[in-house]
Amino acid sequence: MSIVTVQLGQCGNQIGHEVFSAVCRDVHGTHGLCSKKENESYHDACKERFFCQEESEVPVARAVLVDMEPKVISQTLSVAARSGSWKYDDRSHFCQKQGSGNNWANGYSVHGPRHKEAIMNLVQKEAEKCDRLGGFFTIMSMAGGTGSGLGAFVTQCLRDAFPTSFILNHIIWPYGTGEVIVQNYNSVLTLSHLYQSSDALLVHENDVIHKICAQLMNIKQISFRDVNQVIAHQLGSVFQPTYTAEGDSDYSRNPLGDLMETLVPHPEFKMLGLRNIPQMPENFLPYSTFSWPGLIKHLRQMLIANAKMEEGFDGQVRPPPPGPSSHSPHKPLHFNTSVANLVILRGKDTHSVDLGSFRDPSLYTSWLNPHDAFNAWRTPRAFNKYEKSAALVSNSQFLLKPLDSVVGKAWNMFASKAYVHQYTKFGIEEEDFLDSFTALEQVISSYTLL
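Residues numbered from 1 in each chain as written. Predicted model: local features only at pLDDT ≥ 70, side-chain atom pairs only at ≥ 80, totals over all residues. Heavy atoms only, no water.

Describing the overall build of the protein
Helix and strand counts for the protein come out as 14 helices and 12 strands. For the protein, whose C-alpha radius of gyration is 21 Å, the value lies close to the compact-globule estimate of 22 Å for 450 residues. Principal-axis analysis of the C-alpha atoms gives the protein an extent of 60 × 60 × 45 Å. Evaluated residue by residue, the protein yields a buried proportion of 59% over its 450 residues. Looking at the protein alone, contacts between residues at least 24 apart form 80% of all its contacts between residues at least 6 apart. Per element, the accessible surface of the protein, about 18,600 Å² overall, is 51% carbon and sulfur. A distance of 4 Å separates the average location of the 39 positive side-chain charges in the protein from that of its 45 negative side-chain charges. (Helix = DSSP H or I, 4+ residues; strand = E, 2+ residues; numbered from the N terminus. Rg over C-alpha atoms; globule rule 2.2 N^0.38 Å. Buried < 20%, exposed > 50% of the residue type's maximum accessible area, 1.4 Å probe, protein only. Contact = heavy atoms within 4.5 Å. Areas by Shrake-Rupley, 256 points an atom, 1.4 Å probe, with all protein chains shown as cover. Lys, Arg positive; Asp, Glu negative; His and termini not counted. Charge placed at Lys NZ, Arg CZ, Asp CG, Glu CD.)

Below, the structure is given as structure tokens:
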């Protein structure tokens, strides 16, 4: 089944480009470490998922590019075309001359309704090119105006136009000390609106990815492109084809549907986080060896200690003892309780990996059977030159702190009415802010009580 990617705003378009490039590099690489037949079926599944083949023989990305300024889209289109290995459809983009000025209300209440028909026509055309539409993957930032405001509006339009299709929103969480003064307002409004129309929100935090670039990838002068490439690598490690059940002979038919079924058992819990190991500069790979037991042990400890990267985390955090109190206030401090987890293994000997430690009932909330709460997908095909690699997609308490912080900062500004007039002039009233705060307080409360 095919996924239509909708790239929104500057951030969404730059990351989208890196995702397609990473997927293409992986497919064309000679590092599959598997049989020719296996490699071919992987190749075909990936092509159907992300690209449509045209007469030109160059794969064309199944994507719609949207921005309120032309600069980033024109750069993105030309860089992709110059790569020679894939390109965007020249007719699948929409841009205007002036941006949204980092104002969520401008993107949501002005640009959205004004350009709805043109944007949704592009999406409809892209969906009609798919033999089997698996759903939509939107990529957007929360801090600015176009990605966040227009992104929330477009997501609602997708839900109305495609009520039975899956929608996964990929969100870039802004730096804690961000450069946009109203980023916390924009974030609160974005999250509360997406929670109503999306099936799940997959979150990457800029601060975390920045740390990975500095500490794991050894990059001295970190650019946005470096950050985006790490994000693209992590997304590729989830969305490239895998076998979703033991003994499967076909690659997963509907990656978005499989992801939702596995990780979102209740509409109150939609926040997904992503961790990857190992991650290192490419020139280190020939000198590194990894064992599956070591990687799995590491990944599990990252999960329960809520560490977003494989260095510098608390190895002392332990699950609570079994028994009636395991989900009470006496839970160990810093322990990260999960609703559901998915581990994706790629590379050598994945069939023999023991994942029993992820089925420990103490990792999960009490209202779900651990057997249902944990799933594993595997493929013998290596990903992006890593002989063995594992990704963990987790629906857990990982975002509680950042979410609480963003809501708190936004509320403090709102209490003194700072900058609220910038939103009311575009039709977003104080009532809308209060509704958004209430919705997110409910999300925080639900995750806290796990």
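Having seen it, we continue.
Structural notes on the environment of Q98
Residue placement: Q98 occurs in the loop between strand 5 (93-95) and helix 4 (104-128). With relative accessibility at 42%, the residue Q98 sits in the partly exposed group. Between the C-alpha atoms of Q98 and M68, which are 30 residues apart in sequence, the distance is 5.8 Å. Apart from residues no more than four positions distant in its own chain, Q98 is found in contact with M68, E69, H111 and R114.

Comments concerning empty space enclosed by the protein
Per the counting criterion, the structure on display carries 3 cavities of 30 Å³ or more. Space inside the largest cavity adds up to approximately 110 Å³. Looking at the largest cavity, the residues that line it are V203, H204, E205, V208, I209, I212, Q234, G273, L274, R275, K308 and F398. (1 Å grid on protein atoms, 1.4 Å probe; cavity = no way out; pocket = protein on both sides within 12 Å on 5 of 7 lines; lining within 4 Å. Points joined across faces, edges and corners; volume = space filled by probe spheres on them.)

Observations concerning the pairing of strand 6 (residues 133-141)
Along any regular strand the residues' side chains alternate between the sheet's two faces. Where burial is concerned, most of strand 6 is hidden: 8 out of the 9 residues are buried. Here 6 bridges tie strand 1 (residues 2-8) to strand 6, and the two strands are oriented parallel to one another. Considered in strand 6, the bridge of T5 is made with F137. Alignment of strand 6 against strand 7 (residues 166-173), held across 7 bridges, turns out to be parallel. When the bridges of strand 7 are listed, S141 appears paired with I172. Between the parallel elements strand 6 and strand 7, the chain passes through helix 5 (residues 146-161) in a crossover that is right-handed. (Pairing = 2+ DSSP bridges. Right-handed = clockwise from strand over helix to strand, strands pointing away.)

Focus: the pattern of salt bridges
Side chains that carry opposite charge are capable of pairing whenever their charged atoms lie near each other. For the structure shown, the criterion picks out 13 salt bridges. A salt bridge links R132 to E48, with the nearest nitrogen and oxygen atoms 2.9 Å apart. Of this pair, R132 sits in the loop between helix 4 and strand 6 while E48 sits in helix 2 (residues 36-50), and the two are 84 residues apart along the sequence. Between D199 and R159 there is a salt bridge; the shortest N-O distance is 2.9 Å. With D199 in the loop between helix 6 (183-197) and strand 8 (200-205) and R159 in helix 5, this pair connects stretches of sequence that are 40 residues apart. Given a relative accessible area of 22%, D199 falls into the partly exposed group. One network of salt bridges, with partners in common, ties together D89, R91, E126 and K129. (Salt bridge = Lys/Arg side-chain N within 4 Å of Asp/Glu carboxyl O.)

Some thoughts on the nonpolar core
Generally speaking, soluble globular proteins have nonpolar side chains that are buried together. With 139 residues, the main nonpolar core has F239, M271 and F358 as its most contacted residues. Among the elements that line this core, the one with the most residues is helix 4, at 8 residues. Beyond its immediate sequence surroundings of up to four residues, F239 is in contact with I3, R49, F50, F137, L168, L202, L256 and L259. Listed in part, the 5 residues of the second largest apolar core include Y42, Y243, Y251 and F383. (Core = buried A, V, L, I, M, F, W, Y, C linked by side-chain atoms within 4.5 Å.)

Description of unusual backbone geometry
Residue P278 is bonded to the preceding I277 through a cis peptide linkage, with omega at -10°. Tracing the chain through its elements places P278 in the loop between strand 9 (271-277) and helix 10 (292-304). Phi is positive for N102, close to 55°, though the residue is something other than glycine. Tracing the sequence through the fold places N102 in the loop between strand 5 and helix 4. Residue classification places N102 among the partly exposed residues on the basis of a relative accessible area of 37%. In this structure, D349 is a non-glycine residue whose phi angle is positive, near 55°. Positionally, D349 belongs in the loop between strand 10 (338-347) and helix 11 (370-373).

Focus on the layout of surface pockets
Computed from the structure, the second largest pocket encloses a volume of approximately 600 Å³. Around the second largest pocket, the lining comprises 30 residues; the ones closest to its centre are Q10, C11, S141, G144 and E179.

By themselves, these observations are geometric and do not establish any function.
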